[in-house]
Amino acid sequence: MHTVKELYHYREMIASLVRKELRGRYKGSVLGFLWTFMNPLLQLIVYTIVFSSIMKVAIDKFYLFLFVALIPWMFFSASVTGGAASIISEANLIKKVYFPRQVLPISFVTTAFVNMVFTFLIVFCALIVGGIGISPKSLIYLPMIMAVEYVLALGIAMLSSALTVYFRDLEYILGIVTMAWMYLTPIMYDVDMIPKQYITWFELNPMTPVIIAYRDILYYKQVPRVDTLLHAGLLGVVVLIVGCTAFSLLQRHFAEEL
């Protein structure tokens, strides 16, 4: 509770770091913040061409089936890999100024989350133009699963950022891990395609229920199952508790290691 209260007092610092990152990310470029939309839009165009004309998959409008799951995954992957370096990248600041060290991974994940929220404007437009449309009834649950994913991403970013201070190679290892993790998450395929003997292992993947919920809401336009939401929420809270606990224990020697 002390940490929570302290972070609340430093909420302006978190907001300032998020604004700084959002403004500085595309500073000096011609399109500026519009690059936030250009990346997913170009990906959507490529997926549409490939999966509509070249690789015809049995799933109806497969490019949208893939797109609505890939956008949340991009946020999660960025939080895990980029969040790992959030402490060591601010080594000078940590040595000079006191502030709760949790501020750095929180601001990084929040920045990535804000980018994902803006990107969902492209997702909604794609669903409408693609003929699937949007269900207001199911869309009510979208903020809920987005919050669950935020909690999950923050928990892993807390853990990875703290461990990277002591083991610098972890930042590069996570790039390989997230690539394998993506293929072990039902992003490019439906969960029904997973063989029954492996389904238990897939259920241990915290991103599996998250992706299923996103797809239920956006692609199938149905209210996600309660057990899916509970599963995702429970895994997210567990990961956050583990990440925060590990961060609190490891942060004591950050200054010495940096």
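Residues numbered from 1 in each chain as written. Predicted model: local features only at pLDDT ≥ 70, side-chain atom pairs only at ≥ 80, totals over all residues. Heavy atoms only, no water.

**Student:** Just to check I follow, could you spell out the overall build of the protein for this structure?
**Tutor:** Helix and strand counts for the protein come out as 13 helices and zero strands. Counting helices and strands in the order they occur from the N terminus, the protein gives α-α-α-α-α-α-α-α-α-α-α-α-α. For the protein, the C-alpha radius of gyration of 19 Å lies close to 18 Å, the compact-globule estimate for 258 residues. Oriented by its inertia axes, the alpha-carbon framework of the protein measures out at about 55 × 50 × 35 Å. In the protein, which comprises 258 residues, the proportion classed as buried is 46%. Look at the contacts in the protein between residues 6 or more apart in sequence, and 79% of them connect residues 24 or more apart. Charge-centre separation for the protein: the mean point of 19 positive side chains lies 7 Å from the mean point of 15 negative side chains. (Helix = DSSP H or I, 4+ residues; strand = E, 2+ residues; numbered from the N terminus. Rg over C-alpha atoms; globule rule 2.2 N^0.38 Å. Buried < 20%, exposed > 50% of the residue type's maximum accessible area, 1.4 Å probe, protein only. Contact = heavy atoms within 4.5 Å. Lys, Arg positive; Asp, Glu negative; His and termini not counted. Charge placed at Lys NZ, Arg CZ, Asp CG, Glu CD.)

**Student:** Could you clarify how one ought to interpret the pattern of salt bridges in this entry?
**Tutor:** Between side chains of opposite charge, a pair can form as their charged atoms come close. With the rule as written, the count across this model stands at one salt bridge. With a shortest N-O distance of 2.6 Å, arginine 225 and aspartate 227 are connected by a salt bridge. Exposure remark for arginine 225: the relative accessible area of 56% places this residue in the exposed category. Take aspartate 227: its relative accessible area is 41%, and that puts it in the partly exposed class. (Salt bridge = Lys/Arg side-chain N within 4 Å of Asp/Glu carboxyl O.)

**Student:** Help me understand the nonpolar core, please; the structure alone is not making it clear to me.
**Tutor:** Across soluble globular proteins, nonpolar side chains have a tendency to be buried as a group. Counting residues in hydrophobic clusters, the biggest one holds 71 residues, and the most contacted among them are Phe76, Phe120, Ile145, Tyr214 and Leu218. Looking at this core, the elements that each hand over two or more residues are α2 (11-24), α3 (35-54), α4 (62-83), α6 (103-129), α8 (142-166), α9 (170-183), α11 (207-218) and α12 (226-250). Dropping the residues within four chain positions of it, phenylalanine 120 is found in contact with Ile71, Pro72, Leu142, Met146, Tyr214 and Leu218. (Core = buried A, V, L, I, M, F, W, Y, C linked by side-chain atoms within 4.5 Å.)

**Student:** Quick question: what am I supposed to make of α12 here?
**Tutor:** In an α-helix, one turn spans 3.6 residues; hence positions three or four apart end up facing the same way. The first and last C-alpha atoms of α12 sit 36 Å apart over 25 residues, in line with the 36 Å expected at 1.5 Å per residue. Of all the residues in α12, the buried ones are Thr228, Leu229, Ala232, Gly236, Gly243, Ala246 and Phe247. (Expected span 1.5 Å × (residues − 1).)

**Student:** I keep staring at the packing of α11 against α12 and nothing clicks. Help me out?
**Tutor:** What describes two packed helices is the angle between their axes and the distance between those same axes. Put simply, α11 and α12 touch, their axes get as near as 8 Å, and they point 140° apart. Judged on the interaxial angle alone, α12 and α11 are oblique. In this structure, the crossing between α11 and α12 has a hand that is left-handed. Between α11 and α12, the residues in contact are Pro209, Val210, Ile212 and Ala213 and Thr228, Leu229, His231, Ala232 and Leu235, respectively. (Axes fitted to C-alpha atoms, helices over the stretch in contact; angles between N-to-C directions. Parallel < 35°, antiparallel > 145°, perpendicular 65-115°, else oblique. Left-handed = near helix turned anticlockwise from the far one by under 90°.)

**Student:** Help me out: how do you make sense of the side chain of glutamate 149 in this one?
**Tutor:** Turning to its location among the elements, glutamate 149 is positioned in helix α8. It turns out glutamate 149 is buried and unbridged, and the closest side chain with the opposite charge, arginine 215, is 12 Å from it. For glutamate 149, the side chain forms a polar contact with the side chain of tyrosine 214, separated by 2.8 Å. Among residues more than four places away in sequence, those in contact with glutamate 149 are Pro72, Trp73, Phe75, Phe76, Met116, Met207, Val210 and Tyr214. (Polar contact = N/O pair within 3.5 Å; in protein donor to acceptor, adjacent residues only side chain to side chain.)

**Student:** Hey, could you run me through the environment of leucine 139 in this one?
**Tutor:** Structurally, the position occupied by leucine 139 is in helix α7 (residues 136-139). Along the chain, leucine 139 and glutamine 222 lie 83 residues apart, while their C-alpha atoms are 8.6 Å from each other. Excluding residues that lie within four positions of it along the chain, leucine 139 makes contacts with Phe124, Ile134, Ile217 and Leu218.

Coordinates in, geometry out; function isn't part of it.
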